[in-house]
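One-letter residues, chain by chain:
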Amino acid sequence: MAELHVELVAADRKVWSGAATLVVARTASGDTGIMAGHTPVLSVLESGPVTIRTAEGGTVVAAVHGGFISFNNNKLSLLAEIAELADEIDVDRAERALELAKSDSDAHAERRAEVRLVAVGRRQAA
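Every value quoted in this text rests on a predicted model; they were computed, and no experiment measured them.

Conventions we followed
- For every chain, the first residue of its written sequence is number 1, and the numbers climb from 1 along that sequence.
- Confidence filtering applies because this is a predicted model: local features only for residues at pLDDT of at least 70, side-chain atom pairs given and counted only at 80 or more, and all residues used for totals across whole chains, interfaces and linings.
- To obtain the side-chain values, all non-hydrogen atoms of the structure were used and water was disregarded.
- Secondary structure follows DSSP: runs of H or I at least 4 residues long count as helices, runs of E at least 2 residues long count as strands, and numbering of each begins at the N terminus.
- Only C-alpha atoms enter the radius of gyration, while the globule expectation follows 2.2 Å times N to the 0.38, with N the number of residues.
- Burial status follows relative accessibility: with a 1.4 Å probe on protein chains alone, a residue under 20% of its type maximum counts as buried, one over 50% as exposed, and anything between as partly exposed.
- Note on definitions: a residue-residue contact is assigned when non-hydrogen atoms from the two residues lie within 4.5 Å.
- Computed with a 1.4 Å probe, the accessible areas rest on the Shrake-Rupley method; for each residue, only the protein chains presented here act as cover.
- In this tally, Asp and Glu contribute negative charge and Lys and Arg positive charge; neither His nor the terminal groups of the chain are included.
- The location of each charge is read from NZ of Lys, CZ of Arg, CG of Asp or CD of Glu.
- Paired strands, in this sense, are two strands between which DSSP finds at least two bridges.
- Think of a salt bridge as a Lys or Arg side-chain nitrogen and an Asp or Glu carboxyl oxygen that are within 4 Å of each other.

Student: Which residues make up the overall build of the protein, and what are the values?
Tutor: Check the secondary structure of the protein and you find 2 helices and 7 strands. Beginning at the N terminus, the succession of helices and strands in the protein can be written as β-β-β-β-β-β-β-α-α. Taken against the 2.2 N^0.38 rule, which gives 14 Å for 126 residues, the C-alpha radius of gyration of the protein at 14 Å falls within 12% of a compact globule. In terms of principal-axis extent, the alpha carbons of the protein reach across some 45 × 25 × 25 Å. Burial analysis of the protein (126 residues in total) assigns 41% to the buried set. Considering only contacts in the protein between residues 6 or more positions apart, those separated by 24 or more positions represent 51%. Of the roughly 6800 Å² that the protein leaves accessible, carbon and sulfur atoms contribute 49%. For the protein, the centre of its 13 positive side-chain charges and the centre of its 18 negative side-chain charges are spaced 1 Å apart.

Okay, here's the thing in structure tokens:
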């Protein structure tokens, strides 16, 4: 299967880089799947999980909050304000953050906590 090169970068670090066969991310126009040979894309990256199917057959999931996505010449760049790999997320902390955000009626904090829990498989994507 054809591959594309992926760079997932947060404001403070490179989160993941490598070859992939498919990347699904939430953009301003909805969930978008990118494979090798896709037409060029430049869009706003919305808060949501990013799923990367690696060239080796594995899956990498990250919680991403804001930024931009760019694809051209089989190179995909995900430039996020905040990004965490699923295995880096403290589930108990994310659940506490969700409850606190709900009690404070903080929609943005609630969305961030929900995305983190979706990335670790504790909630369904909305």
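Student: Talk me through the pairing of strand E1 (residues 4-10); I want residue IDs and the actual numbers.
Tutor: Across the two faces of E1 the burial differs, with Leu4, Val6, Leu8 and Ala10 buried and His5, Glu7 and Val9 not buried at all. Between E1 and strand E2 (residues 13-27), which pair antiparallel in sequence order, lie 2 residues. With 6 bridges joining them, E1 and strand E7 (residues 75-85) adopt parallel strand pairing. Along E7, the bridge assignment pairs valine 6 with leucine 76.

Student: So what about the pattern of salt bridges? Which residues, and what values?
Tutor: Using the criterion set out here, one finds 4 salt bridges in the structure. For the salt bridge of lysine 14 with glutamate 7, the shortest nitrogen-to-oxygen distance reads 3.5 Å. We note a salt bridge from arginine 26 to aspartate 31, for which the minimum N-O separation is 2.8 Å. The exposed category is assigned to aspartate 31, whose relative accessible area is 55%.

Student: Which residues make up the environment of arginine 111, and what values do they have?
Tutor: Tracing the chain through its elements places arginine 111 in helix H2 (residues 107-119). Among the residues examined, arginine 111 registers a relative accessible area of 25% and is labelled partly exposed. For the pair arginine 111 and glycine 121, spaced 10 residues apart in sequence, the C-alpha separation works out to 15 Å.

Student: So what's going on with the side chain of arginine 116? Which residues, and what values?
Tutor: With respect to the helices and strands, the residue arginine 116 is situated in helix H2. Residue classification places arginine 116 among the buried positions, given a relative accessible area of 10%.

Student: I'd like a rundown of the environment of arginine 112, residues and numbers included.
Tutor: Within the secondary structure, arginine 112 sits in helix H2. Residue class for arginine 112 comes out partly exposed when judged on its relative accessible area of 36%. Taking C-alpha positions, arginine 112 is 8.2 Å from alanine 63, a pair spaced 49 residues apart along the chain.

Student: Run through unusual backbone geometry, naming residues and quoting values.
Tutor: Residues other than glycine seldom take positive phi values, yet asparagine 73 does so here, at roughly 50°. If you trace the backbone, asparagine 73 turns up in the loop between strand E6 (59-72) and E7. Of note, the phi angle at serine 105 is positive, near 55°, even though the residue is not glycine. By the secondary structure assignment, serine 105 is in the loop between helix H1 (91-103) and H2. Take serine 105: its relative accessible area is 65%, and that puts it in the exposed class.

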